[in-house]
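A look at the structure
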Amino acid sequence: MRRQPLENVLMWRDLKYGFRQLRTKKLFAVTVILLLALGIGSNTVIFSFVNSLLLRSLPVRAPENLYLLEKNRVRQVRPDTSFFYQQFEEVAARKTIFSGAVAEEGWAGNSLQAFSNGTAVRLIATQMVSPNYFAELGVKAVAGRVLTAADATASSNIPVVLSYRFWRSEFDGSLAILHRTIRVRNYPFLVVGVLPNGFHGIDADRSPDVRFPISAALPLTGNSLFEPGGDYPLGFRILTRLAPGISERQSAAAIQAELDGLEEPLWRAWYARSSKPFPPSRLKENIDYQRAYRIDLLAAGHGVSELRKQFSHAAVVLMGAVGLLLLAVCANVAGLLLARSEERHGEIAIRLSLGAGRGRILRQFALENVLLAIPGALLGLAFAYGSSPWLLRLLPALGIGPYAPPVVLDVRPDGRVLLFVLVTCFLTIVLFGLAPVRRVLKVDLNERLKAQSRTVTAGSGNTIAAIQTALAVLLLTGATLMYRTFWNLEHVNPGFDRAHVVEFTIDPWDVGYSETQAATLIRELNGRVRALPGVRAVSFAVGEMMRGIGMKSTVVPAGQMLPANTFLNTSFNRVTSGYFESLGIPLVAGRALSAGDAGRKPTPIVVNRAFAAAFFPGINPIGQMIVAGVDGRKAPTAIIVGVVGTAKYRSLREQDPPIYYAAADEEHAGGTMYVRSYGDPAGLIRSVRRVLSRLAPGLPLVHALTLEQDVQDSLWQERFLTVLGAFFGLAALSLSAIGLYGNLAYSVARRSKELGIRIALGAQVRDIVRSVSGRIVWAIAIGLLAGAGAATFLLRFAGGLVFGIDPLDPVSFAAAAMVLIVCSVIAAIPPSWRAVQTDAAVALRQE
């Protein structure tokens, strides 16, 4: 009955004694705490990012039972998740298959509307949702209320809810905005609530600014959901919950026929009201294409994410890198704790001789390790929390098309992150911290008490040095590969003038301009910008440069046949006259496109050299005919009138893409305007803004930036990996150098008597240096070989991340090894010098 209180008293005494021990060794304690903070903090930062991107579930009710409907076509680059609203209603009605279903318009950023805050007009991302959207997902407002089924029929004072981010950034988080109106597309909407922070709908990393009920379709688009029209039909993503006992395959098969039956009449109704009439043959071809899909159900509990698709491979690599950094930290901490335990072997021997059990000694050291681990973990968490915003700033804006909403990835630590910190802390301090103590306890007690000359066994220290060296080689090699990849991409010749071009994106249709008004605006804007001082050329294009996306097509030379499985074998773009001059793409044969080429049949096109080489090798492509599709026996659809240089289109990584360019209507091109200057292009941005504000005060620029900025933005992943790789590599290098210095310095201090005797007996400087650092040199050599071997094995899987360089590039290996050797030599100089300068008489008197 008295044992438990006595144990508590003893533990309390051990805790106070451990605190006194660490207080007397402040430098040791601070060093270990900072090392633990570095290892735990860096791992927590990356794990928080991976957790948010790959592991965190949507903040909705029962996310594990959420499924997104997908259309998969044979001839389609990516799955399609866009359905007519009437198709959603059919899904929602099938209660025997789906226990619940909701719909949301497109994806975040797909629908842009002009928002006026009273002083300026800008585009915001909007989204319409089905009547039961928030009730089915179990989402409640943090202020006001969410949209309800009754709001779906509102005809005036249509209610809307704001995203938390938009509420904070636009209205400073003021509750006064509730029950007040905001103007979107110059139409008043009533704000009734604010959504919780972290809720982005089905998207994990981007969010619309304002959500509307379906009753807002008419004021936002000019068309009712049930009267299709406009340039493209409204598309909705359908999110479902499966009924009990129904599998994904069963539900997909059961709903396929119903959705198929609705597809054709809905598309025919839209084509009938479209502003662009379709000939009967093309109408049938388009409808057949739209119908030819297979329904699949995609598990959506973790949401969908463009960033996840782009970065999942790199995220795994980063987790591996921080894991290796943690191992390096553990090796360093183990070395320090080993030195500390060796220093206290006399204390341990006396306590054992007085009757203290080995378990009591282990507990004493474990408590001291906990005293080191707690502040280390807290500092690591603080480091992770403070550096997360910086990490997010390295990420790109996400979007398909001209507008890219900012990343809203939530990297705040949650329960999973805290559990990760606890497990990491336990493994670091318990497994690596107690191992040195167990080694000391295995030594014979009598030998400990009789020992007069106390020297440290070099084996463990050398092993730790070899481990640190191997880890540093691996991380430095990876960092070198990432840097050289980034350098290679930055110095790729893109085939266009990236230094003198400014890119502007406008969209007058999103603010309610008619076709005639938009054509007049584009014509006047083109003329006025062309007249600005310093402007060399101006043009418009439908497809943007360096956005990771672009239009693709399937073509064949007239008279030839391609295999039936040939699909999307070339890229294309629609551009106005002057485009090639605006981008600095050289004309190498034939002529450029002119304003009169729009609407001609067959369509005059200009191809790049890669296209000519792929489809007309060894012959002059000028005057050659091409046919859309794989059957070249059909009537020609285009004729080649010119050849230009090969320029990158989607990214700097793509290998000389074959591209053809067709003429766009000069007054209806819209999209992106490219302005090329004679000098610094950044100065043109303000001038063009002034011109646009005079022509159309209520029309915002979606974006305005130099083409060089666009190129740099396209390198976000390489820049992200280079920055983090440099951090990990330098941290591992520093740990290796610190560990080597500490190992040698401690060895010199403990071997002072031996070194004094050697010097007294006439040992030369080279003998002393060889004695002190001989074993450590072999340890470093073994570490270099082991690190090179590990890098050779692991970096083979990094082929998708590097560019213009082999993952097993020997130069990168050699550079990493050379840097490590130089740093090791520098770290070894002070303790070696101290060993050489040992005073024999002083050393012998001390012993």
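None of these values were measured; they are calculated from a predicted model.

Re the side chain of Ser-812
Considering the arrangement of structural elements, one finds Ser-812 in helix 23 (residues 810-836). A polar side-chain atom of Ser-812 sits 3.4 Å from a polar atom in the side chain of Arg-484. Within polar-contact distance, the side chain of Ser-812 engages the side chain of Asp-809 at 2.9 Å. Ignoring anything within four residues of it in the chain, the contact list for Ser-812 reads Thr-477, Thr-480, Leu-481, Arg-484 and Ile-805.

Concerning the packing of aromatic side chains
How two aromatic rings sit relative to each other is given by the distance of their centres and the angle of their planes. Inspection of the entire model under this criterion finds 20 aromatic pairs. A centroid spacing of 5.3 Å and a plane angle of 50 degrees characterise the contact between Tyr-85 and Phe-88, whose relative ring orientation is tilted. One end of the pair is Tyr-85 and the other is Phe-88, both in helix 3 (residues 85-93) and 3 residues apart, which spans about a single turn. A relative accessible area of 4% places Tyr-85 in the buried class. Look at Phe-88 and you get buried, because its relative accessible area is 4%. Summarising the aromatic geometry, the rings of Tyr-133 and Phe-134 are spaced 5.0 Å apart at their centres and angled 90 degrees between planes, so their arrangement reads as edge-to-face. Phe-134 shares its class with Tyr-133; the two are buried. By way of ring pairs, the aromatic residues Phe-572, Phe-611, Phe-615 and Tyr-660 are connected into one cluster. Over the face of the ring belonging to Phe-83 we find Lys-71, whose NZ or CZ atom lies 4.7 Å from the ring centre.

Details of the pairing of strand 18 (residues 603-608)
With 6 of its 6 residues buried, strand 18 lies for the most part within the structure. Sheet topology places strand 18 next to strand 20 (residues 638-644); 6 bridges connect them, and they run parallel. Each residue of the ladder has a partner; that of Asn-608, found in strand 20, is Val-644. Pairing analysis gives 3 bridges linking strand 18 to strand 21 (residues 659-663), with the strands arranged antiparallel. Note that in strand 21 the partner of Ile-605 across the bridge is Ala-662.

Examining the confidence of the model for the chain
Confidence in the prediction for the chain averages 82 pLDDT; 87% of positions are at 70 or higher. Helix 13 (residues 445-450) is the least confidently modelled element of the chain, averaging 53 in pLDDT, while strand 6 (residues 159-162) averages 97, the highest of any element. Confidence over residues 452-458 falls short of pLDDT 50; this stretch has 10 contacts with residues more than four positions distant or in other chains.

Points about helix 22 (residues 765-794)
When the terminal C-alpha atoms of helix 22 are compared, their 42 Å separation across 30 residues agrees well with the 44 Å that a helix rising 1.5 Å per residue should span. When the local axis directions of helix 22 are compared, the greatest deviation, roughly 50 degrees, occurs at Ser-773. Among all positions in helix 22, only Ile-768, Ser-771, Val-772, Ser-773, Ile-776, Ala-779, Ile-780, Gly-783, Leu-784, Gly-787 and Ala-791 are buried.

As for the pattern of salt bridges
Going through the model one piece at a time under the given rule, you end up with 18 salt bridges. Note that Arg-145 is salt-bridged to Asp-151, the shortest N-O span being 2.9 Å. The class of Arg-145 is partly exposed, set by a relative accessible area of 34%. We classify Asp-151 as buried; its relative accessible area is 7%.

Digging into the environment of Phe-98
Structurally, Phe-98 is set in strand 2 (residues 98-105). Relative accessible area serves as the criterion here: at 1%, Phe-98 is assigned to the buried category. In this structure, the C-alpha to C-alpha distance between Phe-98 and Leu-242, residues 144 residues apart in sequence, is 4.5 Å. Apart from the residues lying within four places of it in its own chain, the contact partners of Phe-98 are Val-91, Thr-240, Arg-241, Leu-242, Ala-243, Ser-251, Ile-255 and Leu-297.

Notes on the packing of helix 19 (residues 707-714) against helix 20 (residues 716-750)
Two elements in contact, helix 19 and helix 20, have axes separated by 5 Å at closest approach and are oriented at 60 degrees. When the axis of helix 19 is compared with that of helix 20, the two are oblique. For the pair helix 19 and helix 20, contact is made by Gln-712, Asp-713 and Ser-714 and by Trp-716, Glu-718 and Arg-719, respectively.

A look at unusual backbone geometry
Here Lys-601 and Pro-602 are connected by a cis peptide whose omega angle stands at -10 degrees. Among the structural elements, Pro-602 can be located in the loop between strand 17 (587-590) and strand 18. Phi is positive for Asn-186, which is not a glycine, with a value near 60 degrees. As for its position among the elements, Asn-186 is in the loop between strand 7 (181-184) and strand 8 (187-194).

Parameters at a glance
Residues numbered from 1 in each chain as written. Predicted model: local features only at pLDDT ≥ 70, side-chain atom pairs only at ≥ 80, totals over all residues. Heavy atoms only, no water. Helix = DSSP H or I, 4+ residues; strand = E, 2+ residues; numbered from the N terminus. Polar contact = N/O pair within 3.5 Å; in protein donor to acceptor, adjacent residues only side chain to side chain. Contact = heavy atoms within 4.5 Å. Phe/Tyr/Trp six-rings, centres within 6.5 Å; stacked < 30°, edge-to-face > 60°. Buried < 20%, exposed > 50% of the residue type's maximum accessible area, 1.4 Å probe, protein only. Lys NZ or Arg CZ within 6 Å of the ring centre and 35° of its normal. Pairing = 2+ DSSP bridges. pLDDT = per-residue confidence, 0-100. Expected span 1.5 Å × (residues − 1). Bend = angle between axes of the 7 residues up to and from the residue. Salt bridge = Lys/Arg side-chain N within 4 Å of Asp/Glu carboxyl O. Axes fitted to C-alpha atoms, helices over the stretch in contact; angles between N-to-C directions. Parallel < 35°, antiparallel > 145°, perpendicular 65-115°, else oblique.

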